[in-house]
Amino acid sequence: AQAAVPVSTEKMTLPKHECQRITRLKHHNHRFTTALEVLEEHAGYLQVGQKTDSRARAFRRAACSLKALPHPLTNVEEARTLPHVGTHSLSVIQDILEDGYSQEVQDISDGDFYGTMQLFTGIFGVGSATARKWYERGFRTLDDIRNDSTLSLKKDQTIGLELYQDLNTPVTLAEADIIQEMVRAEVQKLLPGATVVLTGGFRRGKTKGHDVDLLISHPTEGKETGLLSAVLAKLREKDLLAYETTSANTYDPSSVSRKEYTLDHFERCFSIFKLDKSLISSNQNTKQAPPSPVGAVQQGSSRPDLLHHKDKVSLERAGGTASFLDEEKTEEKTWIGRRVDLIIAPASQYAYALVGWTGSKHFNRSLRLYADNEMNMKLTNHVLYDSVKNQYLPASSEEDVFLHLQLPYREPAERNC
Ligand code: 8DG
Ligand code: MN
Ligand code: MN
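Below or above, wherever it landed, is the structure these notes cover. Everything numeric here is computed off the predicted structure, so don't read it as measured data.

## Some points on the coordination of the manganese ion (ligand 2)
Now for step 1: The protein atoms that coordinate the manganese ion (ligand 2) are D211 (OD) and D213 (OD), at distances spanning 2.0 to 2.1 Å.
Now for step 2: In this structure, the manganese ion (ligand 2) lies 3.6 Å from the manganese ion (ligand 3), and both are coordinated by D211. Considered together, D211 and D213 belong to a single accessibility category, that of buried residues.

And the structure:
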């Protein structure tokens, strides 16, 4: 049941920072934002090395402004008054207003480059740099990658190819709940009183996601030490893991004053769970959710399969349309691979970790920018540091974090920018 999105035609000025606004999953301007998100993604594919993706970010910020608008945009003049809507985004908005679609966006999403990059970056362990290298070498399909013996694939990429279909089938909320319960059961057996919270997109109200983000903690500081490896040992024993890579806690309190403060230093594990298919109600995974609101790009697109990269993949390139839904192919194994992130946060950092791992990624970026620019504070997934008072600001809840930042509290569902 989708709640109606409240409409207001009241003239309004959006605050500059995304974290100062309410941004819900459903809003009034999907026809523009889906187009801008194609451009954002495309710009990300073109980006070289570590260079900041300023072009991608510009499209994202324009889309965020439109998402926060409490009514459908009907004229380009209003778009001009919105924060972070640059000339390029404006021209796309204008095209959609005038013609119902943007030819530029259409050409990009129909193009070989964009489609191939979506396909390759859909492989677990493959980022845009690797994908582009492969594209430039002439690879176009997953089989091109699989069949080239000169490529030395990393362990995560190998499993990413193997489980491509699993990992590109959206995780449902029901599956996320099952995985959370599995982990909670193990965690609480090992450490009574420990907590396991579903964060990421699901906490923000999404009903599908690319992974399951679980934040693990214990109310007593220090009790969480050693928990992750013990949990992983149990899961391994039960043969529930298809892949795991763990990073130790590298948190250094002094790092907040250095440039690396945006990094996350929690002990964590990026894994792939084997989720037994018998635990999932049948055909849940093959059933496609209804398409999202018709966007400009969708109209007349010859390749609707490429529109929402995280939800759908190009079936033909992924190895045949039939195989995606073909029971025979998947019947070989009794489980479906699901990406799971496990993060361990000590009690004193828990509130900041919860904000950080709830996202959205862009909301967090906005929070950090706001903290820095408007409050002279450094926000990380671990702490908030007041650079004027020269002190850390402890928080025991998300509400505390927003209070320190002098921001109205935003529910997770309102952080979908
Ligand atoms: P999705 O999985 O449904 O596609 O969306 P999501 O849940 O919003 O994205 P995510 O990639 O799973 O990230 C969840 C949050 O975790 C997001 O706000 C970014 C945050 N995050 C960190 N550190 C790290 C990190 O090191 N890697 C990743 N992937 N995410 C991180 O705070
Ligand atoms: Mn996630
Ligand atoms: Mn994640």
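## Here we look at the coordination of the manganese ion (ligand 3)
Now for step 1: Distances from the manganese ion (ligand 3) to its protein donors, namely D211 (OD), D213 (OD) and D341 (OD), fall within the range 2.1 to 2.3 Å.
Now for step 2: Positions of the donor residues of the manganese ion (ligand 3) along the chain correspond to the pattern D-x1-D-x127-D.

## Topic: helix α17 (residues 361-375)
Now for step 1: With 15 residues, α17 should cover 21 Å at 1.5 Å per step; its first-to-last C-alpha distance of 20 Å lies within 8% of that length.
Now for step 2: All of the buried residues in α17 are H362, F363, N364, S366, L367, R368, Y370, A371 and M375.
Now for step 3: Of the surrounding secondary structure, the elements contacted by the buried residues of α17 are α2 (54-68), α16 (350-358), β8 (377-379) and α18 (398-404).
Now for step 4: N376 sits one or two positions beyond α17 and adopts a positive phi of about 55°.

## Overview of the side chain of D341
Now for step 1: Structurally, D341 can be placed in strand β7 (residues 335-344).
Now for step 2: If sequence neighbours within four positions are ignored, D341 has contacts with D211, V212, D213, L214, C269, F270 and W357.

## Quick look at the packing of α2 against α17
Now for step 1: Running from N to C, α2 and α17 point in directions that differ by 95°, and their axes come no closer than 12 Å. Judged by the inter-axis angle, α2 sits roughly perpendicular to α17. Together, R57, R60, R61 and C64 of α2 and H362, R365 and L369 of α17 make up the contact between the two elements.
Now for step 2: Class assignment for the residues of the contact of α2 with α17 results in 2 nonpolar, 1 polar and 4 charged.

## Some remarks on the sheet that holds strand β2 (residues 195-198)
Now for step 1: Pairing in this open sheet of 5 strands is mixed, and the strands run β2-β4-β7-β6-β5 from one edge to the other. A strand with exactly one partner marks an edge of an open sheet, and here the two such strands are β2 and β5 (241-247). Here the average twist between neighbouring strands, direction ignored, is 25°.
Now for step 2: The sheet strands contacting helix α9 (residues 155-162) are β5 and β6 (267-276), and the helix crosses β5 at an angle near 150°.
Now for step 3: Of the strands in this sheet, β2, β4 (212-217), β6 and β7 touch α16, which is tilted by about 180° from β4.

## Some thoughts on the environment of I159
Now for step 1: By secondary structure assignment, the location of I159 is in helix α9.
Now for step 2: Exposure remark for I159: the relative accessible area of 13% places this residue in the buried category.
Now for step 3: Once the C-alpha coordinates of I159 and F59 are considered, the two residues, 100 residues apart in sequence, prove to be 32 Å apart.
Now for step 4: Those residues in contact with I159, other than ones at most four positions away along the chain, are F124, A242, Y243 and I272.

## Regarding the pattern of salt bridges
It is possible for side chains bearing opposite charge to pair when their charged atoms get close.
Now for step 1: Per the stated rule, a full pass over the model turns up 22 salt bridges.
Now for step 2: Here E181 ties to R184 by a salt bridge, and the two come within 2.8 Å at their closest N and O atoms. One end of the pair, E181, and the other, R184, are both in helix α11 (residues 173-190), 3 residues apart, so they sit about a helical turn from each other.
Now for step 3: Here R203 ties to E398 by a salt bridge, and the two come within 2.8 Å at their closest N and O atoms. Linking R203 in helix α12 (residues 200-203) with E398 in helix α18, this pair joins segments that are 195 residues apart in sequence.
Now for step 4: Salt bridges here are not isolated pairs; linked through shared partners, they connect E186, K189 and K238.

What counts as what
Residues numbered from 1 in each chain as written. Chains lettered and ligands numbered in written order. Predicted model: local features only at pLDDT ≥ 70, side-chain atom pairs only at ≥ 80, totals over all residues. Heavy atoms only, no water. Donors = N, O, S within 2.8 Å, 3.2 Å for Na, K, Ca; no water. Buried < 20%, exposed > 50% of the residue type's maximum accessible area, 1.4 Å probe, protein only. Helix = DSSP H or I, 4+ residues; strand = E, 2+ residues; numbered from the N terminus. Expected span 1.5 Å × (residues − 1). Contact = heavy atoms within 4.5 Å. Axes fitted to C-alpha atoms, helices over the stretch in contact; angles between N-to-C directions. Parallel < 35°, antiparallel > 145°, perpendicular 65-115°, else oblique. Nonpolar A, V, L, I, M, F, W, Y, C, P; charged D, E, K, R; others polar. Pairing = 2+ DSSP bridges. Salt bridge = Lys/Arg side-chain N within 4 Å of Asp/Glu carboxyl O.

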